[in-house]
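# Inside the fold
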Amino acid sequence: MIEKHIILEDIAPVTFYGQGNCHLQMIKAMFPKLRIVARDNVMHVLGDEEQMAHFEEATERMRKHVLKYNHINEEDIIDIIKGKKTKEDSIKDAIVYNISGKPIKCRNANQQQLADSFENNDMIFAIGPAGTGKTYLSIALAVRALKDKRVKKIILSRPAVEAGEKLGFLPGDMKEKIDPYLQPLYDALEDMIPAAKLQDMIEKNIIQIAPLAFMRGRTLNDAVVILDEAQNTTSAQIKMFITRMGFNTKMIITGDLTQIDLPRGVTCGLKEAIRILKDIKGISFIHLNEKDIVRHHVVTQIVNAYKKYESENNLIQ
């Protein structure tokens, strides 16, 4: 007879144990020679040495399943304990899984090029119109790198273009004033990480979401760093941002050159960076287009209509 304490790290115990401890009861039934008592994220196990080894291996596989897919069901538990692949493990090419357990995949060739470039380059520029999935996919790649422990944190940033003019009139403290600008980033994260876990990661600074101005003076190590809406950066801002890169860090800069909101006469930092950095090894440029739009089909027609109108009226900056 031996005794072990097994800790369920990085996952919500309620997901592992199931509603009303239904998963835990099934696990106990499948290991009749063990006495299993669970409290919070610790499982106290006493019993047969041979079955204990099998239990530890199966529990770690189940824990990793929950960490990767954000859920586990009775069929998954049976497959894992029997040493089989689960249905989710048989799905290929998924980047991560959303909170419902559905795979998030590349949906076209340019998105796949972005995912491939992330593996092979330290800095990636993803440029394309609204709806091409550049921000959502970038955050998915960052979440996967964090889950795989390739980095220690995710840092997400956006320029608050109207900060000098309108932020002061918004109610609340500085965080409450800035959050509306960062909401699209929160939306993507909330789709990929359970709410309680996401809040815990934000409180521990494992995931950091901040306006671009907060990047000044920092050196960003062991991180995936994403700058969204980079078309609204000035030359000085984007230079400041990309020179924050530290060791074991990847940067993704996303932007839509058809939606520049900078004041007239101010140089777009993204446009300038593309020209200046185009020949540097280790920096990749991915250009998405109207064919890559993955929102409602009407969005593609809207983008095309505006592109035609701006071209005919010489309105493109």
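Look a little higher up for the structure.
To start, this report covers the structure provided alongside it. (Residues numbered from 1 in each chain as written. Predicted model: local features only at pLDDT ≥ 70, side-chain atom pairs only at ≥ 80, totals over all residues. Heavy atoms only, no water.)

### Comments concerning the overall build of the protein chain
- The helix and strand tally for the protein chain stands at eleven helices and eleven strands.
- Within the protein chain, contacts between residues separated by at least 24 positions form 68% of all contacts whose residues are at least 6 apart in sequence.
- When the accessible surface of the protein chain is summed, it comes to about 17200 Å², and 51% of that surface belongs to carbon and sulfur atoms.
- Distance between charge centres in the protein chain, computed from 44 positive and 42 negative side chains, equals 3 Å. (Helix = DSSP H or I, 4+ residues; strand = E, 2+ residues; numbered from the N terminus. Contact = heavy atoms within 4.5 Å. Areas by Shrake-Rupley, 256 points an atom, 1.4 Å probe, with all protein chains shown as cover. Lys, Arg positive; Asp, Glu negative; His and termini not counted. Charge placed at Lys NZ, Arg CZ, Asp CG, Glu CD.)

### What about the packing of aromatic side chains?
- Scanning the entire structure with this criterion turns up four aromatic pairs.
- Measuring from ring centre to ring centre gives 5.2 Å for Phe31 and Phe55, while their planes differ by 90 degrees; the resulting arrangement is edge-to-face. Here Phe55 lies in helix α3 (residues 49-69) and Phe31 lies in the loop between α2 (22-30) and β2 (34-39), a separation of 24 residues in the sequence. The pair Phe31 / Phe55 is uniform in exposure class, with both members buried.
- Geometrically, the ring pair formed by Phe125 and Phe285 is stacked, given 4.9 Å between the ring centres and 15 degrees between the ring planes. Taken as a pair, Phe125 in strand β6 (residues 123-127) and Phe285 in strand β11 (residues 283-287) lie far apart in primary sequence, 160 residues in all. Considered together, Phe125 and Phe285 belong to a single accessibility category, that of buried residues.
- Against the face of Phe118 rests Lys250, its NZ or CZ located 5.3 Å from the ring centre. (Phe/Tyr/Trp six-rings, centres within 6.5 Å; stacked < 30°, edge-to-face > 60°. Buried < 20%, exposed > 50% of the residue type's maximum accessible area, 1.4 Å probe, protein only. Lys NZ or Arg CZ within 6 Å of the ring centre and 35° of its normal.)

### Section: the environment of Leu24
- One can find Leu24 in helix α2.
- For the pair Leu24 and Met192, spaced 168 residues apart in the sequence, the C-alpha separation amounts to 25 Å.
- The residues contacting Leu24, other than those within four sequence positions of it, are Tyr17, Ile36, Ala38 and Met43.

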